[in-house]
Every structure is written in C-alpha cells, then in structure tokens.
Amino acid sequence: MQTDIDPRSLIGRKAFDRKGTKIGTIDEVYLDDATGVPEWAAIRTGLFSRDAFVPLEPSELVDGTLRVPYDRALIKDAPGFGVGRHLSPEQELQLYHHYGLDTASPPPLPDHDFGRLAGSEET
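An account of the accompanying structure is given in this report. (Residues numbered from 1 in each chain as written. Predicted model: local features only at pLDDT ≥ 70, side-chain atom pairs only at ≥ 80, totals over all residues. Heavy atoms only, no water.)

**Describing the overall build of the protein**
Then, in step 1: Within the protein, the regular secondary structure consists of two helices and six strands.
Then, in step 2: Looking at the protein as a whole, 30% of its 123 residues are labelled buried.
Then, in step 3: The long-range share in the protein, meaning contacts at least 24 apart out of those at least 6 apart in sequence, stands at 43%.
Then, in step 4: Only carbon and sulfur atoms are counted for the fraction: they give 52% of the accessible area of the protein, which is about 8100 Å². (Helix = DSSP H or I, 4+ residues; strand = E, 2+ residues; numbered from the N terminus. Buried < 20%, exposed > 50% of the residue type's maximum accessible area, 1.4 Å probe, protein only. Contact = heavy atoms within 4.5 Å. Areas by Shrake-Rupley, 256 points an atom, 1.4 Å probe, with all protein chains shown as cover.)

**Brief notes about the nonpolar core**
Then, in step 1: Grouped together as the largest cluster of nonpolar side chains are 23 residues, with contacts concentrated most on Phe53, Val54, Leu66, Ile75, Leu95 and Tyr99.
Then, in step 2: Where this core is concerned, the elements lending two or more residues are strand 2 (22-31), strand 3 (38-44), strand 4 (51-55) and helix 2 (89-99). (Core = buried A, V, L, I, M, F, W, Y, C linked by side-chain atoms within 4.5 Å.)

**Examining the environment of Gln91**
Then, in step 1: In this structure, Gln91 sits in helix 2.
Then, in step 2: Sequence-wise, Gln91 and Phe81 are ten residues apart; in three dimensions their C-alpha atoms are separated by 7.7 Å.
Then, in step 3: Look past the residues within four positions of Gln91 in its chain and what remains in contact with it is Phe81 and His86.

**A closer look at the pattern of salt bridges**
Then, in step 1: In this structure the tally under the stated criterion is four salt bridges.
Then, in step 2: A salt bridge links Asp51 to Arg44; the shortest N-O distance between them is 2.7 Å.
Then, in step 3: Given a relative accessible area of 8%, Asp51 falls into the buried group.
Then, in step 4: Classification of Arg44 as partly exposed rests on a relative accessible area of 30%. (Salt bridge = Lys/Arg side-chain N within 4 Å of Asp/Glu carboxyl O.)

**Looking at helix 2**
Then, in step 1: Burial in helix 2 covers these residues: Glu92, Leu95 and Tyr99. Along the long axis of helix 2, the arc covered by the buried residues comes to 60°, so they all point the same way. Residues Pro89, Glu90 and His97 are exposed on helix 2 and point more than 90 degrees away from its buried face.
Then, in step 2: Against strand 3, strand 4 and helix 1 (72-76) lie the buried residues of helix 2. (Arc of directions from axis to C-beta.)

This is the structure:
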C-alpha cells in the first residue's frame, strides 16, 4: 500500500475483500512502532460485529476504498484483540500467522568499527 497516505484519511472508508465483497468500514489504523508506517487496519465487520484486523500491505487503496487480498471469511476469523489499544508483538505475530505473511526476522545489523579500544596502541 502507498506509504505516503495519511492514516487518518483511511478511517471511515469502506473495505472490500479480494472478490469485491464488502467487509465493513475502517475504524482504526495501527502504525508500526519502529517506522511509523500504517501497518494494520481494524475493520468493523457489521452492526453488532467486532473489529477484524487486516494487513495494509499488500492491501490497496482503489477509488477511495480499501481492497484487501483475502477472503471475507478469513478476515472475519482473524484473531480479535479489541480496538483502541496497542498491539503487542505477540498479537502482531498471531495476525501475521493468520494471514500467512512472512514473519522473518530483520537482517542482522552490520558490524561496525567504532574505533580502537581504550588502552590499545596503534601499530
């Protein structure tokens, strides 16, 4: 999904599954803690239903609506955590597994030479 979209502009938009079936309306958008990029949308799936979390990547914003590349049934069966609270890393991992998304660890940071150690002599 485009990363330059204001996440607040997504709230209130309609969301549709991969077949074009309406899922519901976006209630909240959750940002990645490290990058601040919109990562999850909580979609109200019906009048008396709960909110279902969907990944914003690989979803697309098309003609003012969110197109989610999953079936409505899978979305409605997503783990529910309630809205208005921070998603823990464990909850995010559950969501990644539910949607079959890659959860590989980020690559290790490269080693850096931060200078010589105190007390060592240059040769």
